[in-house]
Amino acid sequence: MKRSLLFCTTLFLMVGIYAQKTTSGNPVFPGWYADPEVALFQKKYWIFPTYSAPYNKQVFMDVFSSKDLVNWQKHERIVDTAAIKWAWRAMWAPAIVEKDKKYYLFFAANDIQSDNEKGGIGVAVANKPEGPYKDYLGKPLIDKFHNGAQPIDQFVFKDKDGRYYMYYGGWRHCNVAKLKKDFTGFEPFADGAIFKEVTPEKYVEGPFMFIRNGKYYFMWSEGGWTGPDYSVAYAIADSPMGPFKRVDKILQQNPAIATGAGHHSVLQIPGKDEYYIVYHRRPLTEKDGNSRVVCIDKMEFDSQGLIKTVQITNEGVAPRRIK
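Caption draft 1: Spatial organisation of the overall build of the chain. Along the chain, the regular secondary structure elements total one helix and 20 strands. Relative to its length of 323 residues, the chain is compact, with a C-alpha radius of gyration of 20 Å against a globular reference of 20 Å. Seen along its three principal axes, the alpha-carbon backbone of the chain occupies a region of about 80 × 50 × 40 Å. The burial tally for the chain puts 55% of its 323 residues in the buried class. At a minimum sequence separation of 6, the contacts of the chain that also span at least 24 residues come to 50%. Summed over all atoms, the accessible surface of the chain reaches about 15100 Å², with 52% contributed by carbon and sulfur. Charge separation in the chain, taken as the distance between the mean sites of 43 positive and 35 negative side-chain charges, equals 6 Å.

Caption draft 2: Seen up close, the confidence of the model for the chain. Confidence in the prediction for the chain averages 94 pLDDT; 94% of positions are at 70 or higher. Confidence over residues 1–19 falls short of pLDDT 50; this stretch has zero contacts with residues more than four positions distant or in other chains.

Quick notes on the rules
- Residues numbered from 1 in each chain as written.
- Predicted model: local features only at pLDDT ≥ 70, side-chain atom pairs only at ≥ 80, totals over all residues.
- Heavy atoms only, no water.
- Helix = DSSP H or I, 4+ residues; strand = E, 2+ residues; numbered from the N terminus.
- Rg over C-alpha atoms; globule rule 2.2 N^0.38 Å.
- Buried < 20%, exposed > 50% of the residue type's maximum accessible area, 1.4 Å probe, protein only.
- Contact = heavy atoms within 4.5 Å.
- Areas by Shrake-Rupley, 256 points an atom, 1.4 Å probe, with all protein chains shown as cover.
- Lys, Arg positive; Asp, Glu negative; His and termini not counted.
- Charge placed at Lys NZ, Arg CZ, Asp CG, Glu CD.
- pLDDT = per-residue confidence, 0-100.

Shown next, in the form of structure tokens:
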């Protein structure tokens, strides 16, 4: 009996060892999710995605955390329309900022089509990355169309001087605005303008910004989000205000792996010239526009600082812990 028990225990341990994940795999976690924003808090990786469903069912958000990019824990319903009274559907494209030991979650809601509708870009706040989040303002931060930009797909960028900028916009227009220090509104630029248009060529939606070697890399999504041509392109500038001249497309479908690869964010390992791109795509078996999954792959640069074309994979990435 003891020998049998010992054999079963040994076999169980061996199976457990061989069953451990050696790469993240793509998708990195199960479920229909899109528009992922990746962040690093408390020596953990966090992915804040849109819950990908028909608009009237997009009424909450989940978040996922990991210590190694491979094994992910789901934190359910960190914010929903019960906490955001003015939001009633289409909560999407989260952007997250840690400031003064608080976590600020920016999001779009209601998919407004005109200035006469209620909705736009809002902000919620929590004491922990996993929430729960509560409405910060009790109203949208942006609820009108400026320069033709639908108030969706916001990204909040912290510049080298500590100033925060918001890049946002759908309907093929992108604006930038300077956030107040308390995130309650915006400060005017020197010429008095609040919202400045910085739309690059072929821009559709999903802006993102990061700095590498003193240069500003501005990225966005092109094509239609429900189609196979959804993709990511970028520009390089010397200023957060641009001008942003399109360089190239760096993320797109591979018909042998997945379609509709787009609406991404970028993770840099602190102190390292090591980057990952987190994005959504559509499995080859799926035709529904909302059937999207979150994936991660390496993002690399050539000797001139240009972004190499990202090879989307089924394997994903190897474990990477933060020391």
